[in-house]
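Listed below are the residues making up each chain.
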Amino acid sequence: MEAKPQTMAINLTLGQKEYFPKIKKIKYEGQDSDNPLSFKFYDSEKVVSGKPMKEHLKFAVAYWHTFCGTGGDPFGPGTKSFPWEIPGKPMQSAYAKLDAAFEFFTKLDVEYYCFHDRDLAPEGENVKESVQFLKELTKAAKVKQEESSVKLLWGTANLFSHPRFMNGAATNPDFDVVTFAASQVKAALDATIELGGCNYVFWGGREGYSSLLNTKMKKELDHLAIFLSKARDYGRENGFKGTFLIEPKPMEPSKHQYDFDVATVVSFLKNYNLEDDFKINIENNHATLAGHTFAHEIQTAYNFNAFGSLDINQGDPHNGWDTDEFLSNIYDAIHIMLVILEEGGLKTGGMNFDAKTRRNSTDLEDIFIGHIHAMDTLARGLLIADEILRKSNYKDLKQKRYKSFDKDKGLHFTKNKLGLEELANIASNISEPEIISGKQELFESIINKYIK
Ligand code: XUL
Ligand code: CO
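Residues numbered from 1 in each chain as written. Chains lettered and ligands numbered in written order. Predicted model: local features only at pLDDT ≥ 70, side-chain atom pairs only at ≥ 80, totals over all residues. Heavy atoms only, no water.

A. Fine view of the overall build of the chain. Helix and strand counts for the chain stand at 17 helices and 14 strands. For the chain, whose C-alpha radius of gyration is 24 Å, the value lies close to the compact-globule estimate of 22 Å for 452 residues. Principal axes of the C-alpha set define a box for the chain whose edges measure 85 × 60 × 45 Å. Accessible surface for the chain amounts to roughly 22,200 Å². Of this, 53% is attributable to carbon and sulfur atoms. Taken together, the 55 basic and 64 acidic charged side chains of the chain have centroids lying 3 Å from each other. (Helix = DSSP H or I, 4+ residues; strand = E, 2+ residues; numbered from the N terminus. Rg over C-alpha atoms; globule rule 2.2 N^0.38 Å. Areas by Shrake-Rupley, 256 points an atom, 1.4 Å probe, with all protein chains shown as cover. Lys, Arg positive; Asp, Glu negative; His and termini not counted. Charge placed at Lys NZ, Arg CZ, Asp CG, Glu CD.)

Structure below.
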């Protein structure tokens, strides 16, 4: 690995090279525009339900897919050539990529980004060199943030790509590997703190197992909790005020992943007393792999005061992979925005596009088009959800289903004042409950009525 002197770093970050010269700042042009490089629905300053769209949605770009993902899959190599990739020069490429990334954020008009340590800076020949590389790129990223006002939504460490992590990171049966994971988390936390990150994410890519025959599951879970609590302590001692986030996923790459879904993570956090510092980063394609909808996972997190942030994407309904497509499903967008608006918003979280353009979308402009399309999908979801909540009888209909708890004995029950015997006695003295329709089709028709 080549080492880079610091002066060179500054020159490169202040370099004038434009990576997307044909693309100007993306503007809102409205639904009738045919310009693919314009927003049809996302109008960042437009006030909806008391605040600008950009504050409801808090979009972030994922460094890994957008600037590192060239489209390789198990059947063939990458198909996309990125002008910031300089063959054989990983550090020089990292600086060029940083320039390209900030040009992209600014032109797309997003306020946040997210990275793994290895997206920002390459791995060195040893631990010390890797830490040094990340420090150098962090310094350069800080300059870029100050120049552009783009902020870091979250940082994380890639504890799943290197072969040393094939049996896990914090849950690896080999203590030496656990220490390597710790060194990466420490360095990634240092970078996140230095860059003022709002959150720090743990996605347990290989924290899981393939066979219980060779696995002590309880021991591995205990180790994971110890590891997370030490990361929390280090972060807090060193000035990290943001939220730690766990990102659930049921499978892929591990067969059984420990952070299966929101409910599993909630019970893990409560079991190990980590629930005050750790919340949840929920991803649509991970939700669907777990057999849930995105809205279900988001609502579950809010129910347990565990909502943290969102990874926005969608899977392909016809296969069981994590295809990480840009969100285009308008129903998903409306359903999640109904939940988010009713629950009071994203708070310290945001909407990170953990999504990649398809392997055969090879034009450089396609990364703009993918993001613009997903931003419009969510903006449209926000506008429609807001209208439904303000203008339709959606809330009343939902409330009415529970009206028997608004008074008398029903109210006593909700106030925790009736025992099982008292409840049973009530049943003995009333007639068979009437059949009351759940009216699902009516609810669905309200959603469609507001899609204009
Ligand atoms: C993998 C995934 C990750 C996390 C960050 O499925 O979602 O990119 O978001 O490690
Ligand atoms: Co993700």
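Having seen it, we continue.
B. Focus on the domain arrangement of the chain. Structurally, the chain comprises domain 1 (6-391) and domain 2 (404-449). Its C-alpha centre places domain 1 at a distance of 42 Å from the equivalent point of domain 2. (Domains from an automatic or database assignment.)

C. Focus on the pairing of strand β6 (residues 112-116). Counted residue by residue, β6 has five buried out of five residues, so it is predominantly covered. Neither face of β6 is exposed, since Tyr112, Cys114 and His116 on one face and Tyr113 and Phe115 on the opposite face are all buried. In this structure, strand β5 (residues 59-62) lies alongside β6, joined through three bridges in parallel fashion. Each bridged residue has a counterpart across the sheet, and for Ala62 the counterpart in β6 is Cys114. The pairing of β6 with strand β7 (residues 151-156) spans five bridges and is parallel. Its bridge partner being in β7, Tyr113 is matched across the sheet by Leu152. (Buried < 20%, exposed > 50% of the residue type's maximum accessible area, 1.4 Å probe, protein only. Pairing = 2+ DSSP bridges.)

D. Up close: the site of ligand 1. In the vicinity of ligand 1, the contacting residues are Trp64, His116, Trp154, Phe160, Trp203, Glu247, Lys249, Glu283, His286, Asp311, Asp322 and Asp354. Side-chain polar atom of Trp64 to an oxygen atom of ligand 1: 3.3 Å apart, as the coordinates give it. Taking Asp354, its side chain carries an N or O atom lying 2.7 Å from an oxygen atom of ligand 1. Against a free-state accessible area of 290 Å², the protein chains account for coverage of 94% of ligand 1. In terms of residue class, the shell around ligand 1 is built from four nonpolar, two polar and six charged. (Near = heavy atom within 4 Å. Polar contact = N/O pair within 3.5 Å; in protein donor to acceptor, adjacent residues only side chain to side chain. Nonpolar A, V, L, I, M, F, W, Y, C, P; charged D, E, K, R; others polar.)

E. Fine view of the coordination of the cobalt ion (ligand 2). The protein atoms that coordinate the cobalt ion (ligand 2) are Glu247 (OE), Glu283 (OE), Asp311 (OD) and Asp354 (OD), at distances of 1.9 to 2.1 Å. Around the cobalt ion (ligand 2) sit six donor atoms, and with donor-metal-donor angles ranging over 80 to 172° the site reads as octahedral. Counting residues between consecutive donors of the cobalt ion (ligand 2) along the chain gives the motif E-x35-E-x27-D-x42-D. Here the residue Asp311 occupies a position in strand β13 (residues 307-311), and Asp354 occupies one in the loop between β14 (351-353) and α13 (365-391), the gap between them amounting to 43 residues. Neither Asp311 nor Asp354 differs from the other in exposure class; each is buried. (Donors = N, O, S within 2.8 Å, 3.2 Å for Na, K, Ca; no water. Tetrahedral: all angles 85-135°; square planar, octahedral: opposite > 155°, others 65-115°.)

F. Up close: the environment of Lys409. Looking at the element boundaries, Lys409 is found in helix α15 (residues 408-414). Distance from Lys409 to Lys216, taken between C-alpha atoms, is 49 Å for residues 193 residues apart in sequence.

G. Representation of unusual backbone geometry within the structure. Between Glu252 and Pro253 the backbone carries a cis peptide bond, its omega angle lying at 10°. Inspection of the secondary structure assignment puts Pro253 in the loop between β10 (243-247) and β11 (256-257). You will see that Asp109, though not glycine, has its phi angle at about 65°, which is positive. When you line up the elements, Asp109 lands in the loop between α4 (90-108) and β6.

H. Expanded view of the sheet that holds β6. Spatially, β5-β6-β7-β8-β10-β12-β13-β14 is the arrangement adopted by the eight strands of the closed barrel, whose pairing is parallel. Direction aside, the axes of adjacent strands within the sheet are offset by 30° on average. The pairing of β10 with strand β12 (residues 278-283) spans three bridges and is parallel. Residue pairing in the sheet places Phe244 in a bridge with Phe278 of β12. Relative to β12, helix α9 (residues 262-271) is tilted by about 170°, and along the sheet it contacts β10 and β12. Where helix α11 (residues 294-303) meets the sheet, it contacts β12 and β13, and its direction lies at approximately 160° from that of β13. (Axes fitted to C-alpha atoms, helices over the stretch in contact; angles between N-to-C directions. Contact = heavy atoms within 4.5 Å.)

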